[in-house]
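As a plain string of letters, each chain reads:
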Amino acid sequence: MLAGLRTPAPQGWSRWLVPPAALSIHLAIGQAYAWSVFKPPLETSLGLSGTASALPFQLAIVMLGLSAAFGGTFVERNGPRWAMTVSALCFASGFLVASLGAATRQYWLVVLGYGLIGGIGLGIGYISPVSTLLKWFPDRPGMATGIAIMGFGGGALIAAPWSAQLLASFGKDPAGISKTFLVMGVCYAVFMTLGVLLVRLPPPGWAPPGPPPAATGRPRTADAQVSARNALRTPQFWCLWVVLCMNVTAGIGILEKAAPMIADFFSGTSVPVAASAAAGFVGLLSLANMLGRILWSSVSDFAGRKNVYRLYLGAGALMYLLIALTGSSSKPLFIACAAVVLSFYGGGFATIPAYLKDLFGTYQVGAIHGRLLTAWSLAGVLGPLIVNAVADAQKAAGRTGTALYSTSFFIMIGLLAIGFVANELVRPVHPRHHEPPAADLPAALVPQKGTAP
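Quick caveat: nothing in here was measured; it's all calculated off a predicted structure.

**Describing the overall build of the protein chain**
Part 1: A tally of regular secondary structure across the protein chain gives 18 helices and zero strands.
Part 2: In the protein chain, buried positions account for 59% of the 453 residues.
Part 3: Sequence separation of 24 or more characterises 86% of the internal contacts of the protein chain that already satisfy a separation of 6 or more.
Part 4: Surface summary for the protein chain: the accessible area is close to 16100 Å², and the carbon and sulfur share equals 70%.

Have a look at this one:
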């Protein structure tokens, strides 16, 4: 039945309806970035460590990458409406299972619901509009994917204060956490349905108005097309896999522990950070994450993908160095550096689909993108694990404040340096990996401009 949701747009359908449809999905699943708001209540009410309370978030990110990798081909085959429907069902039901787990004090159900089931909804929802947007906006791929993926970064901007308000109203005990999960699950189900109703594939033979788009981004393969299977055989794919993994690891470590991190960082100063201010910090990082996605991905349309990733990785390492060296001496500097890191983190996600399009074409870019997101799965474990494990170890040794995190920051600098080198190794894809010319392909497999493969 869901396969019947592959509906092409009627003639005259505005392509500008597709970005709002994508935003409705990404703003919902972007709630994952507000998980740190739930960490203190869960730790207090269920007696969890910082590492344990990160488990639902880590599993959700792992499942995001895995479901995107395995679901990318189905998204290409069944269309975005199918994918958005599956995403809404999984994401909303994950909250409901987590609500049951909190109500019964069964933490494994929280992990199962939010992490496993909800994580599948994250992955399918994340990739659901990307390939469609690249087909609707071949003239502005970076901007188009940036608009949609901006929603994933901005989801926490809504979810962080909303979650804090719900917890304040219902209580921070297991019953209050359960009610919060329940309300959020129902609301997100309704909101995501709007995206299902709006999204459409381009009609056969559709092309944007005006002349063909100019060459953007470097390196690129002109009009060459590469299948998902062949993409996995290229060094370019694995270089980008490393680039994405390192960039995500560096950003997600801060994001997952943002609320307790800023409180710990300035706990020994004359102006400690209150819980409400810490939640505000989460929202600020979400705003930086969101704005970075549209800003830097749009910049990449004329500056080139490789150059923008040089900025993400090189300047990101500098920001971490400033935080590590200045410590808690300046709260504005700490906040500014963290915001820049998160803008690069978000920009990296938004730019990668256009980078893939430049290298591999649009033929199976959705499936290629899904496979590349396995890098996010590993980073989703590495980032929080590094930050939480180091902080727990330092705390056990009796250290406080900046000492809890300085080692983690130097590790992140090293990871960003690895990503910088991998980005420098990216070159155009060798012609042996290209699909044969259109004249040699079966009619059903000919990639048409503005249409789904």
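**Details of the pattern of salt bridges**
Where charged atoms of side chains with opposite charge meet at close range, the side chains can pair.
Part 1: In total, this model carries four salt bridges according to the counting rule given.
Part 2: Residues Glu43 and Lys39 are paired through a salt bridge, measuring 3.8 Å at the closest nitrogen-oxygen approach. One end of the pair is Glu43 and the other is Lys39, both in helix 2 (residues 39-46) and four residues apart, which spans about a single turn.
Part 3: Asp301 serves as the salt-bridge partner of Arg305, at 3.0 Å between the closest nitrogen and oxygen.
Part 4: Overall, Arg305 belongs to the buried group, its relative accessible area being 0%.

**Looking at the environment of Pro353**
Part 1: Turning to its location among the elements, Pro353 is positioned in helix 15 (residues 331-360).
Part 2: Separated by 17 residues in sequence, Pro353 and Gly370 have C-alpha atoms that sit 9.8 Å apart.
Part 3: The contacts of Pro353, once residues within four sequence positions are left out, are Val130, Leu134, Thr145, Ile149, Val365 and His369.

**What to know about the packing of helix 11 (residues 235-256) against helix 17 (residues 374-396)**
Part 1: Two elements in contact, helix 11 and helix 17, have axes separated by 7 Å at closest approach and are oriented at 40°. Between helix 11 and helix 17, the angle falls in the class oblique. For the pair helix 11 and helix 17, the sense of crossing is right-handed. Within the contact between the two elements, helix 11 uses Trp241, Leu244, Cys245, Val248, Thr249, Ile252, Gly253 and Glu256 and helix 17 uses Thr374, Ala375, Trp376, Leu378, Ala379, Gly380, Leu382, Gly383, Pro384, Ile386, Val387 and Asn388.
Part 2: Looking at side-chain class alone, the contact of helix 11 with helix 17 contains 13 nonpolar, six polar and one charged residues.

**Here we look at the packing of aromatic side chains**
Part 1: A complete count under the given rule lists 26 aromatic pairs for this structure.
Part 2: When the ring of Trp35 is compared with that of Phe181, the centres are 6.4 Å apart and the planes differ by 5°; the resulting orientation is stacked. You can see Trp35 sitting in the loop between helix 1 (18-29) and helix 2 and its partner Phe181 sitting in helix 9 (residues 174-198), a full 146 residues away along the chain. Each member of the pair, Trp35 as well as Phe181, carries the same accessibility label: buried.
Part 3: By way of ring pairs, the aromatic residues Trp35, Phe38, Phe91, Phe95, Tyr114, Trp162, Phe181 and Tyr188 are connected into one cluster.

**Remarks on a nonpolar patch on the surface**
Part 1: On the surface, a cluster of nonpolar side chains totalling about 450 Å² of accessible area is made up of Leu318, Leu321, Leu322, Leu325 and Phe410.
Part 2: At four residues, helix 14 (residues 305-326) tops the list of elements feeding residues into the nonpolar patch.
Part 3: With respect to the helices and strands, the residue Leu322 is situated in helix 14.

Reading the values: rules and limits
- Residues numbered from 1 in each chain as written.
- Predicted model: local features only at pLDDT ≥ 70, side-chain atom pairs only at ≥ 80, totals over all residues.
- Heavy atoms only, no water.
- Helix = DSSP H or I, 4+ residues; strand = E, 2+ residues; numbered from the N terminus.
- Buried < 20%, exposed > 50% of the residue type's maximum accessible area, 1.4 Å probe, protein only.
- Contact = heavy atoms within 4.5 Å.
- Areas by Shrake-Rupley, 256 points an atom, 1.4 Å probe, with all protein chains shown as cover.
- Salt bridge = Lys/Arg side-chain N within 4 Å of Asp/Glu carboxyl O.
- Axes fitted to C-alpha atoms, helices over the stretch in contact; angles between N-to-C directions.
- Parallel < 35°, antiparallel > 145°, perpendicular 65-115°, else oblique.
- Left-handed = near helix turned anticlockwise from the far one by under 90°.
- Nonpolar A, V, L, I, M, F, W, Y, C, P; charged D, E, K, R; others polar.
- Phe/Tyr/Trp six-rings, centres within 6.5 Å; stacked < 30°, edge-to-face > 60°.
- Patch = residues over 30% accessible without salt bridge, like charges linked within 9 Å, V, L, I, M, F, W, Y side chains within 5 Å.

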